[in-house]
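The residues making up each chain are set out below.
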Amino acid sequence: MSTPFTDVAAEHALFNTKSRQKIQQTEFMTSAPTFRLCPPDIGLEVAFAGRSNAGKSSAINALTNQRQLARSSKTPGRTQMINFFSIGSTDRRLVDLPGYGYAAVPLEMKKEWQVELEEYLVSRSSLAGLVLMTDIRHPLKFFDEQMLHWAKDGELPVHILLTKADKLKYGASKNALLNTRKRLKKLGLKCTIQLFSALRKEGLDELAGVMGNWYDYQLNDDKLIETDLSEPNETENGDNELLNVAQDTDK
């Protein structure tokens, strides 16, 4: 009996498209001035980070197909709120982190923000992945690399967007992609990476597919299924069983 043929490429493309459609349901949830005032550390969230001029707001708006979802400040580097957006439910969130690396921000504010940002990347349990945006014409500045090292310390997966790919010709953009991959390998950093253009709407499905995996979406009969995050996992069940045994022993 022959086994039904599965078109893996088509299935992968469908997952990316369905994930993008799901992420377009994003709605504003809340803002927090510090990480200590963030929503409860439950569910799954994906954070977007980048220098103040890397095109982060444009990327989020293009991905969600909403022009004003993420608003950029008229003065780059001045927006210091951490913005949370729900995707279908508050169990899955998109997090817009303040832009970094802009000269107009006072030094003391930079230092304080960097301490909190490192703590967030290393300690936030619900953080499933980081999307790091860097301008394709000036990729991986000093603080971009620092972010990647913090993510590595927290064992956090990172997907890099080489933004504003429309600013370069096709050959030049491919060379930039290749050179950045080589640089990441030299730095000992394992990240996925892609070309991205919010202006031309290029790279949206690929990005959505990465996020869909981080959000633990599943494709079933051409439908996107969300894993129920409210159910305890096997580790938690095992811990409960060990706790019950320990309590029985103490009696």
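The structure we're discussing is the one just above.
Report follows, based on the coordinates. (Residues numbered from 1 in each chain as written. Predicted model: local features only at pLDDT ≥ 70, side-chain atom pairs only at ≥ 80, totals over all residues. Heavy atoms only, no water.)

The next thing to look at is the overall build of the protein. Across its full length, the protein carries seven helices and nine strands. Here the contacts in the protein between residues at least 6 apart in sequence split such that 77% fall between residues at least 24 apart. Summed over all atoms, the accessible surface of the protein reaches about 14400 Å², with 50% contributed by carbon and sulfur. (Helix = DSSP H or I, 4+ residues; strand = E, 2+ residues; numbered from the N terminus. Contact = heavy atoms within 4.5 Å. Areas by Shrake-Rupley, 256 points an atom, 1.4 Å probe, with all protein chains shown as cover.)

In the structure shown here, the tally under the stated rule is five aromatic pairs. Relative to Tyr-217, the ring of Tyr-215 has its centre 5.7 Å away and its plane inclined at 40°; by these criteria the two rings are tilted. What makes Tyr-215 buried here is its relative accessible area of 0%. For Tyr-217, a relative accessible area of 3% translates into the label buried. Put simply, the rings of Tyr-100, Phe-143 and Trp-150 touch in pairs and so form one group of aromatic residues. (Phe/Tyr/Trp six-rings, centres within 6.5 Å; stacked < 30°, edge-to-face > 60°. Buried < 20%, exposed > 50% of the residue type's maximum accessible area, 1.4 Å probe, protein only.)

With respect to the helices and strands, the residue Glu-116 is situated in helix 3 (residues 107-123). Not counting residues within four places of it along the chain, the set of residues in contact with Glu-116 comprises Thr-34, Phe-35 and Arg-36.

The subject of this paragraph is the nonpolar core. Side chains that are nonpolar tend, in soluble globular proteins, to be buried together. In terms of nonpolar packing, the biggest core is built from 35 residues, with Leu-97, Leu-117, Leu-121, Leu-130 and Met-147 touching the most fellow members. Those elements that provide at least two residues to this core are strand 2 (44-50), strand 3 (82-87), helix 3, strand 5 (127-135), helix 4 (142-153), strand 6 (158-163), helix 5 (170-186) and strand 7 (192-195). Here this core takes five residues from helix 4, the largest share from any one element. The contacts of Leu-117, once residues within four sequence positions are left out, are Phe-35, Leu-97, Phe-143, Met-147 and Trp-150. Residues Phe-48, Ala-128, Val-210 and Tyr-215 belong to the second largest nonpolar core, which totals 29 residues. (Core = buried A, V, L, I, M, F, W, Y, C linked by side-chain atoms within 4.5 Å.)

Turning to the sheet that holds strand 4 (residues 89-96), a few remarks are in order. Strand order in the open sheet formed by seven strands is 1-3-4-2-5-6-7, and the pairing between neighbours is mixed. The open sheet terminates on both sides in strands that have one partner only, identified here as strand 1 (26-32) and strand 7. In this sheet, neighbouring strand axes are inclined to one another by 25° on average, regardless of whether the strands run parallel or antiparallel. Across the sheet, helix 4 touches strand 2, strand 5 and strand 6, and the angle it forms with strand 5 is around 165°. (Pairing = 2+ DSSP bridges. Axes fitted to C-alpha atoms, helices over the stretch in contact; angles between N-to-C directions.)

Burial of strand 5 is extensive: nine of the nine residues sit out of reach of the surface. Judged from the six bridges that link them, strand 2 and strand 5 form a sheet pairing that is parallel. Among the inter-strand pairings, Gly-50 is bridged to a residue of strand 5, identified as Met-133. Relative to strand 6, strand 5 runs parallel, the two being bridged by six bridges.

On to the environment of Leu-148, then. Turning to its location among the elements, Leu-148 is positioned in helix 4. Under the relative-accessibility criterion, Leu-148 is labelled buried at 2%. For the pair formed by Leu-148 and Ile-160, sequence separation is 12 residues and the distance between their alpha carbons is 9.7 Å. Setting aside residues up to four positions removed in sequence, Leu-148 forms contacts with Leu-132, Leu-140, Val-158, Ile-160, Leu-184, Leu-189 and Cys-191.

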